[in-house]
Amino acid sequence: MTTHIQSIILSVTMILVQIGISSGWSSPYLAKFTSGNSTELNISLEEASWVASLLNLGRLVGAIVGSIAVNYIGSKCTLLWTLVPMSLCWCFIMLAKSATCLYIGRFCGGLSLGMTYSSFPLFLGEVALPEIRGSLVSFASAGGTFGLLISFITGSFLDKVVSAAMYLVPCFFLMILFAWLPESPHHLVRVGKTEKAKKSIAFYRAGVQLEEELDAVTRFVANADALSFGKKLQLFRQPAISRATLLIVLLWSFNQLSGFNSVLFYMEIILKQAKAEIIEPKIVVMMVSAAGVVMSIITIFLVDSCGRRPLLMISSLGVSLSMASLGVYFTLMEMGHDISQLQWLPIMSIFSFNISFFMGMLVIPSTVLSELFPSNIKCIAACFASVSGAISSFISTKSYQPLISLIGQGNVYFMHAFITILIIPYAYIFMPETKGKTLQQIQDEIING
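Residues numbered from 1 in each chain as written. Predicted model: local features only at pLDDT ≥ 70, side-chain atom pairs only at ≥ 80, totals over all residues. Heavy atoms only, no water.

**Q** Mind laying out the overall build of the protein, listing which residues take part and the relevant values?
**A** Check the secondary structure of the protein and you find 21 helices and zero strands. Buried residues in the protein amount to 55% of all 449 residues. Taking the contacts inside the protein whose residues are at least 6 apart along the sequence as the reference set, 81% of them involve residues at least 24 apart. On the protein, roughly 18,700 Å² of surface is accessible, and the fraction owed to carbon and sulfur atoms is 69%. (Helix = DSSP H or I, 4+ residues; strand = E, 2+ residues; numbered from the N terminus. Buried < 20%, exposed > 50% of the residue type's maximum accessible area, 1.4 Å probe, protein only. Contact = heavy atoms within 4.5 Å. Areas by Shrake-Rupley, 256 points an atom, 1.4 Å probe, with all protein chains shown as cover.)

As structure tokens, this is what we get:
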């Protein structure tokens, strides 16, 4: 692996760390701001639900903007521009004196999130050699999990001004770095800048046969661009592509309706509401996040050894049982039972939820997405998936507090458990197993239905 590629991976991973930090930011700070005794800012639970959910509304817009930007300005420039809304996110949070500033900041963070996931896999795929492409994308994705851990630790000990300022500084360094990097050779070929494409190949892929690699990139771009955008959309009417699209949209929707965002954004608040005092809630949050980091690394190896479908089904079962046990605990609590001897249950439930989710539900939809669609429409399919995921996550997060008021906290977790358990029969019946198969074999199976 060349020094340039190592630098690129570190840089892209740092952007994913920023995404993870912005996603996990709400857990420690919403617990502080809704406690009623914060010296920085006090907000209501209704305002907190908007602070949590606006990240996903921004993600919806960012997914669309990012998909368009990749086609017009290239994957590298799109990654550069993701740092602008992320910087604004930390600026607004740092200066926030009211919930309104938090709303704007969280929306900007979501905009960056959506744009990042629309561009970083494509950028790494275009600049990395084929034999290391998958590992690089997986490694960079793990940066998001590490960012969650950082946000939980810093959020527990630092005020919002100090932490936001600390998160803001790396954004400026990353802007300088990405401004210096050449655009991917695929985009440069697409816009007719052949000489710059050669320099880009020499920069990112030192040691390869320059002319042969340029020819391969040119042929790939020609095949991908052979159809207009309208013609590519028409391909989604084909039964095989329609089935694959429905599968991806439902997997991404199930993923968000499992309650992951609610647990992620409100984890410390949930533990405080559960009166789990045997371990301090903020310590539990950090331990849970650390377990998630370890599990995300292990999953890189499990995906290819266990297969996509079995891993997703096992993961879904674990998530569903975890949410059900959390529902049992809060139902007993709401019924007035003595739960002092069961304080371990919500802690273990959240641990189990996090480990189970990172085991399969987090990565399998993205993995399957990269395998089910032809290369010339994969970007559009990714946009559909990202938009459906953003809509589902916004609905799930925004409805969390109102549903608790309407049907009770225990029933909310039972609802998430029921939705998640549906993944098991759905995956078993409709999801093809893609482990160890070539992309052509996968396409043939989809077409033959």
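There is more to say after this.
**Q** So what's going on with the pattern of salt bridges? Which residues, and what values?
**A** By the definition in use, this model includes four salt bridges. The partner of glutamate 268 in a salt bridge is lysine 272, and the shortest N-O contact between them spans 3.7 Å. One end of the pair, glutamate 268, and the other, lysine 272, are both in helix α13 (residues 260–273), four residues apart, so they sit about a helical turn from each other. Look at glutamate 268 and you get buried, because its relative accessible area is 8%. Its salt-bridge partner being lysine 282, residue glutamate 280 comes within 3.9 Å of it at the nearest N-O pair. Residue glutamate 280 is classed as partly exposed on the basis of its relative accessible area, which comes to 44%. According to the relative accessible area criterion, lysine 282 is buried, its value standing at 19%. (Salt bridge = Lys/Arg side-chain N within 4 Å of Asp/Glu carboxyl O.)

**Q** If you had to explain empty space enclosed by the protein to someone new, which residues and values would you point to?
**A** Under the defined criterion, the tally for this structure stands at one cavity of 30 Å³ or more. Roughly 40 Å³ of volume is contained in the largest cavity. For the largest cavity, the full set of lining residues is Leu148, Phe152, Phe260, Leu264, Met267, Val288, Ser289, Asn354 and Phe358. Of all the elements in the fold, those that place two or more residues in the lining of the largest cavity are α6 (130–157), α13, α14 (281–306) and α16 (344–361). Looking at which element gives the most residues to the lining of the largest cavity, the answer is α13, with three residues. (1 Å grid on protein atoms, 1.4 Å probe; cavity = no way out; pocket = protein on both sides within 12 Å on 5 of 7 lines; lining within 4 Å. Points joined across faces, edges and corners; volume = space filled by probe spheres on them.)

**Q** Kindly report on the environment of isoleucine 297, identifying the contributing residues and their values.
**A** Take isoleucine 297: it is sitting in helix α14. The sequence separation of isoleucine 297 and phenylalanine 139 amounts to 158 residues, and the corresponding C-alpha distance is 8.1 Å.

**Q** Go over α13, please, and point to the residues and values.
**A** When the local axis directions of α13 are compared, the greatest deviation, roughly 80 degrees, occurs at tyrosine 266. Within α13, twelve of the 14 residues are buried, leaving the element largely enclosed by the surrounding structure. Along α13, the residues classified as buried are Phe260, Asn261, Ser262, Val263, Leu264, Phe265, Tyr266, Met267, Glu268, Ile269, Ile270 and Leu271. (Bend = angle between axes of the 7 residues up to and from the residue.)

**Q** Tell me what's going on with helix α7 (residues 160–180), and back it up with residues and numbers.
**A** With 21 residues, α7 extends 31 Å from end C-alpha to end C-alpha; this agrees with the ideal 30 Å at 1.5 Å per step. What α7 keeps buried is the set Lys160, Ser163, Ala164, Tyr167, Leu168, Cys171, Leu174 and Phe178. Around the axis of α7, the buried residues are gathered within 130 degrees of arc, so they sit on the same side. Residues of α7 that are exposed and point over 90 degrees away from its buried face: Phe173, Ile176 and Trp180. For α7, the side-chain oxygen to backbone nitrogen distance between the N-cap and valine 161 is 3.1 Å, and the N-cap itself is aspartate 159. (Expected span 1.5 Å × (residues − 1). Arc of directions from axis to C-beta. Polar contact = N/O pair within 3.5 Å; in protein donor to acceptor, adjacent residues only side chain to side chain.)

**Q** Go over the packing of helix α15 (residues 308–334) against helix α20 (residues 423–430) with me, naming the residues and quoting the values.
**A** A packed helix pair is summarised by two numbers, namely the angle formed by the two axes and the spacing between the axes. One way to put it is that α15 packs onto α20 with a least axis distance of 9 Å and a crossing angle of 170 degrees. With respect to α20, the element α15 is oriented roughly antiparallel. In this structure, α15 contributes Arg309, Leu312, Met313, Ser316 and Leu317 to the contact, and α20 contributes Ile423, Ile424, Ala427 and Tyr428. Of the residues in the contact of α15 with α20, the class split is seven nonpolar, one polar and one charged. (Axes fitted to C-alpha atoms, helices over the stretch in contact; angles between N-to-C directions. Parallel < 35°, antiparallel > 145°, perpendicular 65-115°, else oblique. Nonpolar A, V, L, I, M, F, W, Y, C, P; charged D, E, K, R; others polar.)

**Q** Could you give an account of the nonpolar core, with specific residues and numbers?
**A** If you look at the biggest cluster of nonpolar residues, it comprises 93 residues, and the most contacted ones within it are Trp25, Trp90 and Phe373. Counting 18 residues, the second-largest nonpolar core is a separate cluster that includes Leu16, Phe123, Leu124 and Phe178. (Core = buried A, V, L, I, M, F, W, Y, C linked by side-chain atoms within 4.5 Å.)

**Q** Describe the side chain of serine 316, naming the residues involved and giving the relevant values.
**A** Among the secondary structure elements, serine 316 is positioned in helix α15. With a relative accessible area of 0%, serine 316 lands in the buried category.

**Q** Let's hear about the packing of helix α3 (residues 45–73) against α13: which residues, and what values?
**A** Running from N to C, α3 and α13 cross one another at 130 degrees; their axes reach a closest spacing of 11 Å. The pairing of α3 with α13 is recorded here as oblique in orientation. In the crossing of α3 with α13, the sense of the turn from one axis to the other is right-handed. Judged by residue contacts, Ala48, Ser49, Ala52, Leu55 and Asn56 of α3 engage Asn261, Phe265 and Tyr266 from α13. Residue composition of the contact of α3 with α13, grouped by class: five nonpolar, three polar and no charged. (Left-handed = near helix turned anticlockwise from the far one by under 90°.)

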